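# Breakdown of the fold
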Amino acid sequence: MDVPHLFIQNQKVNEFNKRVHNAATDKKFSIKAVDSVIGANSAQLRDKILSQIPDDPRKTKQIASNLQLSVGERTEIALNVRTDDGMTNGASNVVKKIQLNQRDKPSGVIWVQFDHSDVGEKTRHENRNLYVQGIDSTWTPIKPITTQFGIGRNQTAQVVRKQFPLRPAAAKTIHRSQGDTEQNIVVNFTTRRAIPHIHYVGLSRVTTIEGLFITDLCEEKIAVNPHVAAEMEMLRKERALKLSVTPIYQINQVSFKLCYLNTRSLHKHIDDVRHELNFTNTDINIFSETRIMTSDDNIMYEIDGYTLFRNDGHCSTSRPFGGMAVFSRVEFLPGYPRCRIYRSPRIPVQQLLAALTRTPDESWINCIMNNLSLNSLVHMLLTIKKIMNLTHFNCKYLIE
């Protein structure tokens, strides 16, 4: 019951919310709105207009005629109350305390706790005089508001309604849930007709697959709007985006492909790397700031077809900053000179390049450079090419 429920049909939403309210163990309130008619010349005309007001909140600016609440119930803001404070239509919360000056009348204060702490922050500050013993500082006071709407076939009769701007939200429609992000949801797709993309909206409200619970997938009703399908096909075939840089996986006539990337924790992003086509179509991948611990097994970082060489950072209590990993498809020759070059930030790049030019040994081609900016890395590679007179030396690189 505590997990938000999503339905396609309004009827199922109302039934679920009513069931939750009836199951509440705390004191229940039934708050009736106060309505008045603008421009009614007689009591008879006024009463006639009031009798025509529909019970459906969708026809009364989302403000209920009879708001049924209990402490602990999940609700949401029914319309934009204060946009500069995040108290907008759909802002989710839980009722914490109900203080009515007149029982069953829209008076006093309803205290709620919003799902996001920044919502209602200004309102809490401006009403700080209301925070007495028993009122938590994270609760936000919700006061009655007045709103105006028209009724009748031509909407000529105008009614002013006073009520708390809340609506039950233990369940809501999938359409209304658009834009929501939840840790856990229960979704039900029961419907008599196919609604294009409704399944996508419902299933994508949750942050992880573990937090998704489906009571009825209704697979036979999964549908895609034909106009959307046609547009996607046109985008793929006729309007494909032309990249300013050719991806490595589309380059074939290159003798050697090398990638360098500051991964900001290869430990965290290894799965992303494994599924990136650019990284799986190179001869050598060089990753810095890997944050790999010396105790980590190589199997945690394996990439099919590559041999891993590691130079881990050192820290016994937590994941170290720094570290480098090289994934190579190039055949490893035992005894072949290899080295790793580190340039201190205090050493000019030109000084390092000068040192390289004094050592024109082919062994330097097998080196890894760390702590270099992108421009410096490119400059370094071009210098090595010049030093070694490598006419077929070519490389592509990726940056974040």
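Criteria and thresholds
- Sequence order sets the numbering: in each chain, residues are counted from 1 along the sequence as written.
- Under the rules for a predicted model, residues below a pLDDT of 70 receive no local features and side-chain atom pairs below 80 are neither given nor counted, while totals for whole chains, interfaces and linings still include all residues.
- Calculated side-chain values reflect all of the structure's heavy atoms, with hydrogen atoms and water omitted.
- Segments assigned H or I by DSSP are reported as helices when at least four residues long, segments assigned E as strands when at least two residues long, and all are numbered from the N terminus.
- Working definition: with a 1.4 Å probe on protein chains only, accessible area under 20% of the residue-type maximum means buried, over 50% means exposed, and in between means partly exposed.
- Whenever a carboxyl oxygen of Asp or Glu lies within 4 Å of a side-chain nitrogen of Lys or Arg, that contact is scored as a salt bridge.
- Detection works on a 1 Å grid of protein atoms alone, calling trapped sets that fit a 1.4 Å probe cavities and calling open sets with protein on both sides within 12 Å along at least five of seven lines pockets, with lining residues defined by an atom within 4 Å of a point.
- Grid points are joined across faces, edges and corners, and a volume is the space filled by probe spheres set on the points.
- The classification used treats Ala, Val, Leu, Ile, Met, Phe, Trp, Tyr, Cys and Pro as nonpolar, Asp, Glu, Lys and Arg as charged, and all other residues, Gly among them, as polar.
- Nine residue types can take part in a nonpolar core, namely buried Ala, Val, Leu, Ile, Met, Phe, Trp, Tyr and Cys, and a core is a set of them joined through side-chain atoms within 4.5 Å.
- When DSSP locates at least two bridges between a pair of strands, those strands are taken to pair.
- Interaxial angle, 0 to 180 degrees, is taken between N-to-C directions of lines fitted to C-alpha atoms, where a helix line uses only the stretch in contact.
- We call two residues in contact when some of their heavy atoms are within 4.5 Å.
- In summary, the pairing rule links any two rings of Phe, Tyr or Trp, Trp by its six-membered ring, whose centres are within 6.5 Å, and it sorts them by plane angle into stacked for under 30 degrees, edge-to-face for over 60 and tilted for everything else.
- A ring is scored as having a charge over it whenever the NZ atom of a lysine or the CZ atom of an arginine sits within 6 Å of its centre and within 35 degrees of its normal.
- We define a polar contact as two N or O atoms separated by no more than 3.5 Å, with the added condition that, inside protein, one atom must be a possible hydrogen donor and the other a possible acceptor, whereas residues neighbouring each other in sequence contribute only through side-chain atom pairs.
- The span expected for a helix works out to 1.5 Å for each residue beyond the first.

A separate point is the side chain of Ser-265. In this fold, Ser-265 is placed in the loop between β15 (258-262) and α6 (266-274). For Ser-265, a relative accessible area of 9% puts it in the buried group.

Turning our attention to the pattern of salt bridges. In the structure shown here, the tally under the stated rule is 17 salt bridges. Between Asp-84 and Lys-122 there is a salt bridge whose closest N-O contact spans 3.7 Å. With Asp-84 in the loop between β5 (74-77) and β6 (92-99) and Lys-122 in helix α3 (residues 121-126), the pair connects residues that are 38 residues apart, well separated along the chain. Relative accessible area serves as the criterion here: at 45%, Asp-84 is assigned to the partly exposed category. By relative accessible area, Lys-122 is classed as partly exposed at 40%. Asp-271 serves as the salt-bridge partner of Arg-274, at 3.0 Å between the closest nitrogen and oxygen. Of the two residues, Arg-274 and Asp-271 both sit in helix α6, three residues apart, roughly one turn of that helix.

With that out of the way, let us pick up empty space enclosed by the protein. With the rule as written, the count across this model stands at one cavity of 30 Å³ or more. Around the largest cavity sit 14 residues that line it, and Pro-4, Leu-6, Lys-172, Asp-180 and Glu-182 are the ones nearest its centre. For the lining of the largest cavity, the secondary-structure elements that each account for two or more residues are β1 (5-7), β5 and β12 (171-173). Here the lining of the largest cavity is composed, by residue class, of five nonpolar, three polar and six charged.

Within the largest apolar cluster, 17 residues are counted, with the highest numbers of intra-cluster contacts made by Ile-110, Phe-114, Ile-142 and Leu-166. Going through the elements one at a time, β2 (28-32), β4 (66-70), β6 and β7 (109-114) are the ones with two or more residues in this core. Here this core takes three residues from β7, the largest share from any one element.

Read across the sheet, three strands follow the order β3-β10-β9 without closing on themselves; strand pairing throughout is antiparallel. The sheet terminates laterally at β3 (34-37) and β9 (145-151), the two strands that pair on one side only. Between one strand and the next, the sheet's axes are offset by a mean angle of 25 degrees, whatever the strand orientation. Sheet strands in contact with helix α2 (residues 43-51) are β3, β9 and β10 (157-163), and its direction is about 130 degrees off that of β3.

Next up on the list: the packing of aromatic side chains. On inspection of all chains with the given rule, the structure shows four aromatic pairs. Every member of this aromatic cluster is reached through a ring pair, and the members are Phe-279, Phe-287 and Phe-327. Above the ring of Phe-321, the side-chain terminus of Arg-291 is found at 4.0 Å from the ring centroid.

Within the secondary structure, Tyr-260 sits in strand β15. As a C-alpha pair, Tyr-260 and Phe-279 span 19 residues in sequence and 9.4 Å in three-dimensional space. Side-chain polar atoms of Tyr-260 contact the side chain of Ser-288, separated by 3.1 Å.

Before going further, it helps to spend a moment on the layout of surface pockets. Here the idea is plain: a probe the size of a water molecule rolls over the atoms and shows the empty space left. The volume enclosed by the second largest pocket comes to roughly 730 Å³. Of all the secondary-structure elements, those providing two or more residues to the lining of the second largest pocket are α1 (10-23), β4, β11 (166-168) and β12. Among the elements that make up the lining of the second largest pocket, the one with the highest residue count is α1 (six residues).

The end-to-end C-alpha distance of helix α5 (residues 226-237), which contains 12 residues, comes to 17 Å, matching closely the 16 Å that a straight helix rising 1.5 Å per residue would cover. Sitting at the amino-terminal end of α5 is Asn-225, which places a side-chain oxygen 2.8 Å from the backbone nitrogen of His-227.

Position of Asn-127 relative to the elements: it lies in the loop between α3 and β8 (140-142). Of the polar contacts made by the side chain of Asn-127, one reaches the side chain of Lys-143; its length is 3.0 Å. Setting aside anything within four residues of it in sequence, one finds Asn-127 in contact with Pro-141 and Lys-143.

A positive phi angle is found at Asp-104, which is not glycine, with a value near 65 degrees. Under the relative-accessibility criterion, Asp-104 is labelled partly exposed at 27%. With a phi angle near 50 degrees, Arg-264 is a residue other than glycine that sits in the positive phi range. By the element assignment, Arg-264 lies in the loop between β15 and α6. For Arg-264, a relative accessible area of 57% translates into the label exposed.

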